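Structure at a glance
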Amino acid sequence: MANKKSRIQQLGTERRNRAAAALDTMSALAIARLINREDQKVPRAVTKALPQIAKGIDLIAKQLATGGRMIYVGAGTSGRIAALDASELPPTFNTDPKRLQYVIAGGDAALSAAAEFNEDSEELGKNDMARKKPGKKDVVVGIAASGRTPYTVAALRYAKKHGAKTIAIACNPN
């Protein structure tokens, strides 16, 4: 268990941000500058991933064109982002809401209250995805900052096993 914990702590998303070590002693302006400086890293990371992002867009478009669904899955903040995007896509792109869905660890109650204890349950991930009945026309998009959240990984595995295409979005390489 200690070895597993140390491996997790080596992930960039799980380490303390040294730049924010003195956050509690910084002025509001210094905090705003720090956040802004850290935010500048996002576009550079996205630029590096553009070929994979384009591949994902093409896959989603193909599956939707064949009558399939896009089903997001995530836990915690990642699940909330998934739910928000799934609810915004229909009015933005004039798409049937039934074809753009989400699954979040802890269910809809987790949208407004923390339910992070659910994110470590592979069984819940599998069961929640099973209720969506993913199939060969569907694409399931798992979002996990660490790339290893048990709930999300199990849901993706279940979907893939039942013929759905899968996409993983993570903030850690590999």
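Quick note: structure is the one above.
For clarity, every value in this text was computed on a predicted model and none was experimentally measured. (Residues numbered from 1 in each chain as written. Predicted model: local features only at pLDDT ≥ 70, side-chain atom pairs only at ≥ 80, totals over all residues. Heavy atoms only, no water.)

**With respect to the sheet that holds strand β1 (residues 70-74)**
Put simply, the rule is: Should DSSP find at least two bridges between two strands, the strands are regarded as paired. The numbering of helices and of strands both runs from the N terminus, where a helix is a DSSP run of H or I of at least 4 residues and a strand a run of E of at least 2. Angles run from 0 to 180 degrees between N-to-C directions of axes, and those axes are lines fitted to C-alpha atoms, restricted for helices to the stretch in contact. In what follows, a contact means two residues having at least one pair of non-hydrogen atoms within 4.5 Å.
Strand order in this open sheet of 4 strands is β2-β1-β3-β4, and the pairing throughout is parallel. Across the chains shown, the open sheet's two edge strands, defined by having one partner strand only, are β2 (100-104) and β4 (165-169). Ignoring strand direction, the axes of neighbouring strands in this sheet form an average angle of 20 degrees. Where strand β3 (residues 139-143) meets β4, 5 bridges bridge the pair, whose relative direction is parallel. Paired with Gly 142 across the two strands is Ala 168, which belongs to β4. Along the sheet, helix α3 (residues 41-65) makes contact with β1, β2, β3 and β4, crossing β4 at roughly 145 degrees.

**Description of a nonpolar patch on the surface**
This is how it is decided: Note on patches: the residues involved have over 30% relative accessible area and no salt bridge, like charges join within 9 Å, and the nonpolar side chains Val, Leu, Ile, Met, Phe, Trp and Tyr join within 5 Å. Accessible areas in this description were obtained via Shrake-Rupley with a 1.4 Å probe; residue shielding takes into account the shown protein chains only. Think of a salt bridge as a Lys or Arg side-chain nitrogen and an Asp or Glu carboxyl oxygen that are within 4 Å of each other.
Side chains of Val 42, Val 46, Leu 50, Ile 53 and Ile 57 sit close together on the surface and give an oily, nonpolar patch of about 410 Å² of accessible area. Checked against the element boundaries, Ile 57 lands in helix α3.

**A few points about helix α4 (residues 76-93)**
For the record, the criterion: Take the residue count of a helix, subtract one, and multiply by 1.5 Å to get its expected span. Buried, partly exposed and exposed residues are distinguished by accessible area as a fraction of the type maximum, computed with a 1.4 Å probe on protein chains only: under 20%, between the cut-offs, and over 50%, respectively.
Relative to the 26 Å expected for 18 residues at 1.5 Å per residue, α4 spans 26 Å between its end C-alpha atoms, a close match to the ideal helical length. Every buried residue belonging to α4 is among Gly 76, Ser 78, Gly 79, Ala 82, Ala 83, Ala 86, Leu 89 and Pro 90, and all of these are buried. In this structure, the buried side of α4 is in contact with β1, β2 and β3.

**Focus on the pairing of β2**
A large share of β2 lies buried, amounting to 4 of its 5 residues. Pairing of β1 with β2 involves 5 bridges; the strand directions are parallel. Pairing of Ile 71 across the sheet is with Gln 101, part of β2.

**Some words on the nonpolar core**
Nonpolar side chains tend to gather and get buried jointly when the protein is soluble and globular. The condition that has to hold: Definition of nonpolar core: a set of buried residues of the types Ala, Val, Leu, Ile, Met, Phe, Trp, Tyr and Cys, connected through side-chain atoms within 4.5 Å.
Residues Ile 71, Val 73, Val 103, Met 129, Val 140, Tyr 151 and Ala 159 are the most contacted members of the largest nonpolar core, which totals 13 residues. Mapped onto this core, the elements with two or more residues apiece are β1 and α6 (150-161). Examining the composition of this core, we find that 5 residues originate from one element, α6, more than from any other. Setting aside its immediate chain neighbours within four residues, Ala 159 contacts Met 129, Pro 134, Val 140, Ala 164 and Thr 166. Of all hydrophobic cores here, the second largest spans 11 residues; its members include Met 70, Val 139, Val 141 and Ile 143.

**Some details on the environment of Leu 84**
Within the secondary structure, Leu 84 sits in helix α4. As for Leu 84 and Tyr 102, which are separated by 18 residues in sequence, their C-alpha atoms are 9.0 Å apart.

**Some words on the environment of Glu 119**
In this structure, Glu 119 sits in the loop between β2 and α5 (122-132). Here Glu 119 falls in the partly exposed class, since its relative accessible area comes to 23%. Among residues more than four places away in sequence, those in contact with Glu 119 are Ala 75, Ala 105, Thr 149, Pro 150 and Tyr 151.

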